[in-house]
Amino acid sequence: MRMDQSVVDRLGRILVARGSYLDDYIIESMIKMGIMSVYIQEGKEESGQPKEEEICPLALENIEKLHTEDRSKVTLSNSVRKRVAEGIQYIYSNTESEHLADATDSIANDLMNTINSNNAVALDINALKTSDEYTFKHSVDVATIAMILAKKQGMSDKRIREIGVAGLLHDVGKTKVPNEILNKPGPLDDEEFTIMKQHPVFGYRMIKDRKEFGPEVAMAVLQHHEKTDGRGYPMAVQASQISNYAKILSVADIYDALVTERPYKKAFTQRTAVEMVMSMTGELDMEAMQCFLESIILYPVDAVVELSNGETAKVVKNSPNNVLRPMVVSLNTGKVYNLGEDISCANIVIN
């Protein structure tokens, strides 16, 4: 079942976004918050998939014949998700603690072990549910995405773990930003945005003298909003002066922020978010962007999608070189649409 209305807290922050699939973790979390009933979307059975008897025989045949499992993806078990959620909330609630580095390392190790357990080389952003609170979820998502990109670049385990730590801490400076600015349900004015743009500096100052983190982690926290064309913040430096960790974090941070609903903005679709990231060739590091495009899975195999020609289709194969255009089979007709390679499909997109 999928949520038909977002669940928000008393400050208007999105706890569970509209369209989220209800799983045991979300249900348990809402019960703990005292939420005993929700609105759900109608029209599909509980799995979100059409019933088999509604699929034409040729479609079933082609789906079975062409079905190709996705590359190994990051999958957080319930126990890991629970530890990570508790750990990240501790970090952002105890930024001055002498145990900050231990807590951060523990989460990074959990993520590292998860990635290594099945040699994950890709990720499905919808699968990264670690917390109901935006800042915590966003930090873990960014860390996980960044670690996969670092792995894609061939970095050592030590550096992959370090960039995970940087991802977990990249927004820690927001704990020094007034709540009325941080949670404002509308656009920030110039003065408020000037304060908000200082959060990388606040975060850098909080960890730069702590030897447990190291200079590269601190620099990544400071520079994660810098752009390669020199129009980022807080220092407006250009590509040659931006650390490699920060270049990766920037891509992960922008994508995850785009696909996440906030009180002051709707979430963009994954497709739109990827297209927006792709359009930022003058602002983002090209190697980091390419690794991102080759790692993320927008439409997992077996997902049911709507095509721009009005047909409903099932994804049967993904290509890492064409993240927006997988191979799909129409459930209505059984026709195969190889969106990434068949030129006759050039005018068809996934809605």
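Procedures and definitions
- Residues numbered from 1 in each chain as written.
- Predicted model: local features only at pLDDT ≥ 70, side-chain atom pairs only at ≥ 80, totals over all residues.
- Heavy atoms only, no water.
- Pairing = 2+ DSSP bridges.
- Helix = DSSP H or I, 4+ residues; strand = E, 2+ residues; numbered from the N terminus.
- Axes fitted to C-alpha atoms, helices over the stretch in contact; angles between N-to-C directions.
- Buried < 20%, exposed > 50% of the residue type's maximum accessible area, 1.4 Å probe, protein only.
- Contact = heavy atoms within 4.5 Å.
- Lys, Arg positive; Asp, Glu negative; His and termini not counted.
- Salt bridge = Lys/Arg side-chain N within 4 Å of Asp/Glu carboxyl O.
- Core = buried A, V, L, I, M, F, W, Y, C linked by side-chain atoms within 4.5 Å.
- Phe/Tyr/Trp six-rings, centres within 6.5 Å; stacked < 30°, edge-to-face > 60°.
- Patch = residues over 30% accessible without salt bridge, like charges linked within 9 Å, V, L, I, M, F, W, Y side chains within 5 Å.
- Areas by Shrake-Rupley, 256 points an atom, 1.4 Å probe, with all protein chains shown as cover.
- Arc of directions from axis to C-beta.

> Where do I start with the sheet that holds strand 3 (residues 304-306) in this structure?
Strand pairing within a sheet occurs via backbone hydrogen bonds; the two strands may be parallel or antiparallel. Taken in spatial order, the four strands line up as 3-4-5-6 in an open sheet, and their pairing is antiparallel. The sheet is open, and its two borders are formed by strand 3 and strand 6 (336-338), each paired with just one other strand. Recorded for the sheet is a direction-independent mean angle of 35 degrees between the axes of neighbouring strands. Relative to strand 6, strand 5 (residues 327-330) runs antiparallel, the two being bridged by three bridges. Paired with valine 329 across the strands is valine 336, a residue of strand 6.

> Explain unusual backbone geometry here, please?
A negative phi angle is the norm for most residues apart from glycine, just as the trans form is the norm for most peptide bonds. The amide bond that connects tyrosine 233 to the next residue, proline 234, takes the cis arrangement and shows omega of 15 degrees. Residue position: proline 234 is located in the loop between helix 10 (215-223) and helix 11 (244-258). Despite not being glycine, asparagine 119 shows a phi value in the positive range, around 50 degrees. Its location among the elements puts asparagine 119 in the loop between helix 4 (100-117) and helix 5 (134-152).

> Please clarify how helix 9 (residues 199-207) should be interpreted in this entry.
Helical geometry: 3.6 residues make up each α-helical turn, so side chains three or four residues apart lie on a common side. Those residues of helix 9 lying buried are His199, Pro200, Val201, Gly203, Met206 and Ile207. Summarising the contacts, the buried residues of helix 9 are in contact with helix 6 (157-169), helix 8 (190-196) and helix 10.

> Any chance you could explain the side chain of lysine 227 here in plain terms?
Its place among the elements puts lysine 227 in the loop between helix 10 and helix 11. Buried and without a salt bridge, lysine 227 has glutamate 283 as its closest oppositely charged side chain, separated by 5.0 Å. In contact with lysine 227, not counting residues within four places along its chain, are Gly232, Val237, Gln238, Ile242, Ile254, Met280, Glu283 and Leu284.

> For this particular structure, what's the right way to read the pairing of strand 5?
Looking along a regular strand, one sees the side chains alternate between the two faces of the sheet. Taking every second residue as pointing to the same face, both faces of strand 5 are buried, with Met327 and Val329 on one and Val328 and Ser330 on the other. For strand 4 (residues 312-317) and strand 5, the ladder comprises four bridges, and the chain directions are antiparallel. Counted as the bridge partner of valine 315 is valine 328 from strand 5. Turn length for the strand 5-strand 6 hairpin, with the two strands adjacent in sequence and antiparallel, is five residues, and the turn residue glycine 334 shows positive phi of about 85 degrees.

> Is there a simple way to think about the environment of serine 106 in this case?
Among the structural elements, serine 106 can be located in helix 4. Judged by relative accessible area, which is 40%, serine 106 ranks as partly exposed. Between the C-alpha atom of serine 106 and that of valine 84, which follows or precedes it by 22 residues, the distance is 8.4 Å.

> Explain the nonpolar core here, please?
Core analysis: the biggest nonpolar cluster contains 77 residues, and Tyr255, Val277 and Phe292 have the highest contact counts within it. The element that contributes the greatest number of residues to this core is helix 5, accounting for ten residues. If sequence neighbours within four positions are ignored, valine 277 has contacts with Val251, Ile254, Tyr255, Leu258, Leu284, Met289 and Phe292. If you look at the next biggest cluster of nonpolar residues, it comprises nine residues, including Val7, Leu15, Val16 and Leu22.

> I would appreciate a short explanation of the packing of aromatic side chains in the present structure.
When we look at a pair of aromatic rings, we describe it by the centre distance and by the angle of the planes. Throughout the structure, instances matching the rule amount to two aromatic pairs. Plain terms: the ring middles of phenylalanine 193 and tyrosine 233 are 6.2 Å apart, the flat faces sit at 75 degrees to each other, and that makes the pair edge-to-face. Taken as a pair, phenylalanine 193 in helix 8 and tyrosine 233 in the loop between helix 10 and helix 11 lie far apart in primary sequence, 40 residues in all. Under the relative-accessibility criterion, tyrosine 233 is labelled buried at 18%. Taking the centre distance of 5.0 Å and the plane angle of 55 degrees together, the rings of tyrosine 255 and phenylalanine 292 count as tilted. Here tyrosine 255, found in helix 11, pairs with phenylalanine 292, found in helix 13 (residues 286-295); they are 37 residues apart in sequence, far enough to count as distant. Of the residues examined, tyrosine 255 reaches a relative accessible area of 0% and is grouped as buried. Of the residues examined, phenylalanine 292 reaches a relative accessible area of 1% and is grouped as buried.

> What should I look at first to understand the pattern of salt bridges in this one?
Taken as a whole and assessed by the stated rule, the structure comprises 13 salt bridges. A salt bridge links glutamate 96 to lysine 176; the nearest nitrogen and oxygen atoms lie 3.3 Å apart. On the criterion of sequence distance, the pair formed by glutamate 96 in the loop between helix 3 (78-93) and helix 4 and lysine 176 in the loop between helix 6 and helix 7 (179-182) is long-range, its members being 80 residues apart. The residue glutamate 162 makes a salt bridge to lysine 158 at a minimum N-O spacing of 2.8 Å. Remark: lysine 158 and glutamate 162 occur in helix 6; sequence separation between them is four residues, near one turn of the helix.

> Honestly, a nonpolar patch on the surface in this entry has me stumped. Any pointers?
Residues Met1, Val38 and Ile40 make up a contiguous nonpolar surface patch of roughly 200 Å² in combined accessible area. With a relative accessible area of 37%, methionine 1 lands in the partly exposed category.

> Any chance you could explain helix 2 (residues 57-66) here in plain terms?
Restricting attention to buried positions, one finds in helix 2 the residues Ala59, Asn62 and Ile63. The buried residues of helix 2 occupy one face: seen down the axis, they fall within an arc of 105 degrees. Those residues of helix 2 that are exposed and aimed more than 90 degrees away from the buried face are Pro57, Glu64 and Lys65. As for helix 2, its buried residues are in contact with strand 4, strand 5 and strand 6.

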